[in-house]
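# An overview of the molecular structure
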Amino acid sequence: MPARHRAMPERNFHDRRRGGLLEVRTKGTRPGRGIEQEHGMTKYTPKAVVTAGTGGIGLETALGLARRGWDLTLVGRDPERGKAAVARVDEAAGRGAGRFVGADLSSLAATRLLGERLAGEGGLDLLVNNVGGMWTERRESPEGVELSIVLNHLSPYVLTGTLTDALAEAAPSRIVNVTSSAVAAAQAVFEEAEPPGPHYGLAATGRAKLAHLAHTVELAERLRPRGVSVFAVDPGAAATDNAARMTVDILPPALRPHWEEIRKGVSAPVAAAATGPLAAATDPALDGRTGLVIGPGGAVDGTLLAYVTPGLTEAVQVWTAGLMAAAGQAS
C-alpha cells in the first residue's frame, strides 16, 4: 500500500466514482483511475500531475512520489525528455507508473486545454505546480504577456482553476505551488502589468512568485471547505538547467555585488531540492492543514508569508483579472 499524505485503506470503487461503474487499472494502461486488482483485493493508487516534470526539481519530485507508490502525469514540452523521464519514473516505481503529456504552459490557451483534458479523467489527488522560469532578457508569451508572469503565476493559476473540481472529487487532496525566496527581490507594485523601469529577471520572477504566493494563501481558504489543501513550497536554490544559464545581468544593480554568493548558492544537488515539494505532497503531519509555506528542509516556514498582506492580496486579484482579460482568457 503506497505511503501517502493520508491513510490509504482498501477501498471500494464507490468511494471514488460516480455512477457505480468499476474501472480496473492494469499495469501499462494510461491514464487509468488508480484502481488495481491485487490478490483479489481492490487497491487504490493515488494520482498526481507534476508540471515541468521532465527535468530538474519537477522530475526529482515525481521520482520521489513514484517510489512512494503514486501514478504520475508529467507535463512538459519536449517528447524526448518526456519519454526519458517516464522511463525513470517507471524504474523508480518498479512498474508502469508514469506518462508524459505534452503542453506549452507559456500559452494560457494551451494550459486551459491541458487542464480540461486532465479534468475529464476524473479525481486527482495531487497537483504540483512546478513550472516557472527566469530570464535575463524580457520575453513574452503567445498572448503577449511578459513570460515570467505567465509561467510563475498565470499558467498555474489557470491549470489549478480547471482542475479544482477533480481535486475536490478526490478529497482530501493537495495542491503544491513551488515558490521562491526571490519574492524578497520583488517590486510589490501591481497597478500595471509590469513595474516601471528596466527589466531584471530576478525581480520580475520574484514579483510573479509573490503574486502567486498571495493567490495560494487566498485559494487555501477558499478550497478548505472542499477538502483541498494548498501549500507553497520554497525548494531552495539548486543546480537546475535554468540556474546554469543565469548571468549577473539577471540581478538588479543593488544585488550584483552578491553575484558570487548567489552563484555558489545554486550549486546544490537538484535531488535535495525535492525535499520540500515531497513533504508538502505526502507528509501526514500536514493532514487537515492548509495555507502554509514549506521550506527547503520540508518543515513549515512562515518567513515568506510576511510579504503577503490583505492589501497585497486584493491588488493581486485585480491585477490578475486584468491580465487574464487582456490575454483573452476568462478569469
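Scope of this entry: the structure provided in the associated data block. Just so you know, these numbers come straight off a predicted model, no measurement behind them.

Turning our attention to the side chain of Arg174. With respect to the helices and strands, Arg174 occurs in strand E7 (residues 173-178). Separated by 2.8 Å, the side chain of Arg174 and the backbone oxygen of Ala280 make a polar contact.

All right, on to the packing of helix H1 (residues 56-67) against helix H9 (residues 275-282) then. Two elements in contact, H1 and H9, have axes separated by 9 Å at closest approach and are oriented at 45°. Considering their axes alone, H1 and H9 lie oblique with respect to each other. Helix-helix and strand crossings are classified by hand; for H1 and H9 the assignment is right-handed. Between H1 and H9, the residues in contact are Ile57, Thr61, Gly64 and Leu65 and Pro277, Leu278, Ala281 and Thr282, respectively. Of the residues contributing to the contact of H1 with H9, the split by class is five nonpolar, three polar and no charged.

Core analysis: the biggest nonpolar cluster contains 48 residues, and Leu114 and Leu154 have the highest contact counts within it. Taken together, the elements giving at least two residues each to this core come down to helix H3 (108-119), helix H4 (147-169), helix H5 (201-223), strand E8 (228-233) and helix H10 (310-326). At 12 residues, H4 tops the list of elements feeding residues into this core. Residues within four places of Leu154 in sequence aside, it is in contact with Leu108, Val145, Ile149, Thr320, Leu323 and Met324. One finds Ala97, Leu126, Val233 and Ala280 within the second-largest nonpolar core, a separate group that totals 27 residues.

How each quantity is defined
Starting afresh in each chain, residues are numbered from 1 along the sequence in its written order. The predicted nature of this model means local features are confined to residues of pLDDT at least 70 and side-chain atom pairs, given and counted, to a pLDDT of 80 or more, with totals for whole chains, interfaces and linings taken over all residues. Excluded from the side-chain calculation are hydrogens and water; included are all heavy atoms of the structure. Only DSSP runs of H or I with at least four residues qualify as helices, and only runs of E with at least two residues qualify as strands; both kinds are numbered from the N terminus onward. Each polar contact in these results corresponds to two N or O atoms within 3.5 Å; when the atoms are within protein, one needs to be able to donate a hydrogen and the other to accept it, and residues that are neighboring in sequence are counted only if both atoms are side-chain atoms. Under this scheme, a helix contributes an axis fitted over its contacting stretch, all axes are lines through C-alpha atoms, and angles between N-to-C directions fall in the 0 to 180 degree range. Any angle from 65 to 115 degrees is called roughly perpendicular, while one under 35 is roughly parallel, one over 145 is roughly antiparallel, and all others are oblique. Should the near helix be turned anticlockwise from the far one by less than a right angle, the crossing is termed left-handed; should it be turned clockwise, right-handed. For this analysis, residues touch if any pair of their heavy atoms sits within 4.5 Å. All amino acids are sorted into three groups, where Ala, Val, Leu, Ile, Met, Phe, Trp, Tyr, Cys and Pro are nonpolar, Asp, Glu, Lys and Arg are charged, and the leftover types, Gly among them, are polar. What makes a nonpolar core is a set of buried Ala, Val, Leu, Ile, Met, Phe, Trp, Tyr and Cys residues whose side-chain atoms join them at distances within 4.5 Å. Buried means the residue's accessible area, taken with a 1.4 Å probe over protein chains only, is under 20% of the maximum for its type, while exposed means over 50%, and partly exposed covers the values in between.

Geometric descriptors of this kind do not, in isolation, establish any biological role.
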